[in-house]
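# Structure assessment
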Amino acid sequence: MIKITLPDGSLREYDQPLSVHEVAASIGPGLANAAVAGRVEGALVDCEFMIKANARVSIVTPREPDGLEILRRSCSLMLAMAVKQLHSHAQMRTGSVLGDGFFCEFAVERPLTSTDLPLIEARMQSLAATNHSIRRRETPSPSMHPEHLSVYRLGDSEYLTTGPHVPTTKVLQAFALDHISGTLQQRIYGTCWSSHQELQQWRLPPHVMVVSIDERQATYAQSVTETLRRTGVRAAADLRHEKVGYKIRQHSQTVPYLVVIGEKEQAGGFVSVRSRTGEDFGRMKVEAACEWLKQPGNEHM
């Protein structure tokens, strides 16, 4: 008999080993449909993970940060699959979650352009609708892979990637591609959310754009963005691997305020605030910047 303890403290007993998805299904069909992963004794695992002993188990859905990150991670695999189907010469180099979305990097013989993005996104929509499974493959020598990386199969391709991933592509519905950079080594960037309503909210023009100087500040820049949002400031982050001057010039055309983050800001827990007209308001602590941006006059610039 296997005893499963749920987050509310309730106990369920099962007479044989079962998967995380089967635990979710035993609780209710709605939870089973929403499940993207599980936590078994605190560790994130795929829905197909088999529970063979007594354990504390919770079901992860896209409504929580870990679940949303899993959606975005799996979206990067679906992007890789779509690009490969449309452009056989493209070779995926890496893919990852980044801020509000994800990216994939490809080595290409012929550079793709922004005009290719709608076609790639349409192919991703088709792949989601086809409902492909994403499965972790057990390998004979897992120690050969870098730490935290596993082999996952999607369609007819395998990827060495961080897990867990969603069980099927049907849960990947609210996503969009928004940028491509580079020439022979190219990155395609996109965003992914748990619902179309959240995607539409993300598309609203931001009042503040958080700009990282390089990728070393990406995590801190995203945390600043989320802090701004929690205080009621409509904020977005540009964490792309682009020159900071290019990002500032681009956003200065439409966004009232820019919050720039480099090494010094990250080390001191600060942000540098400027207006789109170039006025520099100096460095501020994150909490002070939130309050300043909400002051009358600043919030409607």
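Residues numbered from 1 in each chain as written. Predicted model: local features only at pLDDT ≥ 70, side-chain atom pairs only at ≥ 80, totals over all residues. Heavy atoms only, no water.

## A look at the overall build of the protein
Along the backbone of the protein there are 9 helices and 19 strands. In terms of C-alpha radius of gyration, the protein reaches 21 Å, essentially the compact-globule figure of 19 Å for 301 residues. Oriented by its inertia axes, the alpha-carbon framework of the protein measures out at about 65 × 50 × 35 Å. When the 301 residues of the protein are sorted by exposure, 47% land in the buried category. (Helix = DSSP H or I, 4+ residues; strand = E, 2+ residues; numbered from the N terminus. Rg over C-alpha atoms; globule rule 2.2 N^0.38 Å. Buried < 20%, exposed > 50% of the residue type's maximum accessible area, 1.4 Å probe, protein only.)

## So, the side chain of Ser181
On the secondary structure map, Ser181 appears in strand S13 (residues 174-182). Taking relative accessible area as the criterion, Ser181 reaches 10% and is therefore assigned buried. When residues no more than four places from it in sequence are discounted, the contact partners of Ser181 are Gln186, Arg187, Tyr189 and Glu242. (Contact = heavy atoms within 4.5 Å.)

## A look at the side chain of Thr61
Here Thr61 lies in the loop between strand S7 (55-60) and helix H3 (65-86). On the basis of relative accessibility, which here comes to 16%, the residue Thr61 falls in the buried class. In this structure Thr61 touches Leu31, Ala34, Val36 and Gly67, once residues within four positions along its chain are discounted.

## Describing the sheet that holds strand S14 (residues 185-193)
The 4 strands are arranged S8-S9-S14-S13 in an open sheet whose pairing can be described as antiparallel. Looking at the sheet topology across the chains shown, the edges are occupied by strand S8 (91-98) and S13. If you compare each strand with its neighbour and ignore which way they point, the axes differ by 20 degrees on average. Taken together, the 8 bridges between S13 and S14 define a ladder with antiparallel strand orientation. Note that in S14 the partner of His179 across the bridge is Tyr189. Against the sheet, H3 engages S8, strand S9 (101-107), S13 and S14, with an angle of about 30 degrees to S9. (Pairing = 2+ DSSP bridges. Axes fitted to C-alpha atoms, helices over the stretch in contact; angles between N-to-C directions.)

## Structural notes on the nonpolar core
Core analysis: the biggest nonpolar cluster contains 40 residues, and Leu79, Phe106, Ile120, Met124 and Ile188 have the highest contact counts within it. Secondary structure elements with two or more residues in this core: H3, S9, helix H4 (117-130), strand S11 (149-154), S13 and S14. Examining the composition of this core, we find that 11 residues originate from one element, H3, more than from any other. Once residues lying within four places of it in the same chain are set aside, the contact partners of Met124 are Cys75, Met78, Leu79, Ala82, Phe102, Phe175 and Leu177. (Core = buried A, V, L, I, M, F, W, Y, C linked by side-chain atoms within 4.5 Å.)

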